[in-house]
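What the coordinates show
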Amino acid sequence: MRPGPRGDGSTRRRRRRFQPAWLFMAPSLIILGVFVLFPILQTLYYSVFDWTIGASTQTFLGFGNYIKLFQDPQFWNALGVTLVFTAFAVVLQITLGFGSALLLLKDNLITRIVRSVYFFPTIVSFVTIGLVWKFLLDPSIGLVGGLTQLLGLHPVAWLTSTSLALPSVIFVAVWRSVGFAMILFVAALKAVPAERYEAGRLDGANNRQLTLHITIPSVRPTLLFATMILTIQSLQVFDLVYVMTDGGPVFRTDSLVNLIYRDGFVNYQTGYASAVSWVLFALIMLLSLLQLRLFRYNDVD
């Protein structure tokens, strides 16, 4: 009997091992394909049509929707609002989260309680947080308005002022998510070997130098992860804006996802909304790649 080619036995064994893996993965892959991948590809298809819900015919436009959105002042306004919101929210969340982690690094009862208080808003939905803060910031019946009156000050219309609405939403977003960054940094800081700090002190480094040259480089992977997650979350901000201001006043807090919702589900311009969503997807990918490049460290090529 003629022997088969070398490696046939090992190939068959690998195939037998892979079969159970595919069987276990199949349900998740089917759900992912039907409810994630297919809708994504469908929006790409819609974006090249003048697709209107309920219309008998859908006109093919090619890149018409993309050309239209780059000529749309509302798109540029929403893009600017989204970028400003993302820049301030992410910088504040990372800075405050890292600073809080340094202050609460010691493991005792008080720091555990404070960490829990910081982290609690993170597990609450943006809708609930938005409703609570909308009530608190109400100049007539809100707690903040009541405190300003007790101090003899005039109530401030935080959410209806063209200059204060966006900073107010940014403040609430930071308040809600800073605990997430703090918990990540606490875990990362606990993993830094104590020998590095001892060696640095022996070389005469002060606390600032230890932070700059040992702490921050050691937690760089966590810094990258937290920055990317919070950036993607901020670029997709919708529920907080929708609940607190609905994009107002005069579109001063109108985010890209709020624009997508309004065009797609209020004005029924599904094709145009799909084009905006793909521009947002491209923006997220671009910023993610830039962050990967910026935070690249020696252990990663």
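Residues numbered from 1 in each chain as written. Predicted model: local features only at pLDDT ≥ 70, side-chain atom pairs only at ≥ 80, totals over all residues. Heavy atoms only, no water.

1. Overview of the packing of aromatic side chains
Evaluated as defined, the whole model comprises 18 aromatic pairs. Ring centres 5.7 Å apart and planes at 80° place the aromatic pair Phe 70 and Phe 75 in the edge-to-face group. Take Phe 70: its relative accessible area is 44%, and that puts it in the partly exposed class. Among the residues examined, Phe 75 registers a relative accessible area of 1% and is labelled buried. Summarising the aromatic geometry, the rings of Phe 98 and Phe 185 are spaced 5.4 Å apart at their centres and angled 85° between planes, so their arrangement reads as edge-to-face. Linking Phe 98 in helix α3 (residues 73-103) with Phe 185 in helix α7 (residues 165-190), this pair joins segments that are 87 residues apart in sequence. (Phe/Tyr/Trp six-rings, centres within 6.5 Å; stacked < 30°, edge-to-face > 60°. Buried < 20%, exposed > 50% of the residue type's maximum accessible area, 1.4 Å probe, protein only. Helix = DSSP H or I, 4+ residues; strand = E, 2+ residues; numbered from the N terminus.)

2. Comments concerning the nonpolar core
In a soluble, globular protein the nonpolar side chains are often hidden away together inside. Core analysis: the largest hydrophobic core is formed by 22 residues, its most contacted members being Ile 94, Ala 101, Phe 185 and Val 219. Of all the secondary structure elements, the ones that give two or more residues to this core are α3, α7, α9 (207-218) and α10 (220-235). Per element, the largest residue contribution to this core is 6 residues, and it comes from α7. The residues touching Ile 94, leaving out its near neighbours within four places in the chain, are Phe 185, Leu 223, Ala 226, Thr 227 and Leu 230. Of all hydrophobic cores here, the second largest spans 20 residues; its members include Phe 85, Val 169, Val 237 and Leu 240. (Core = buried A, V, L, I, M, F, W, Y, C linked by side-chain atoms within 4.5 Å. Contact = heavy atoms within 4.5 Å.)

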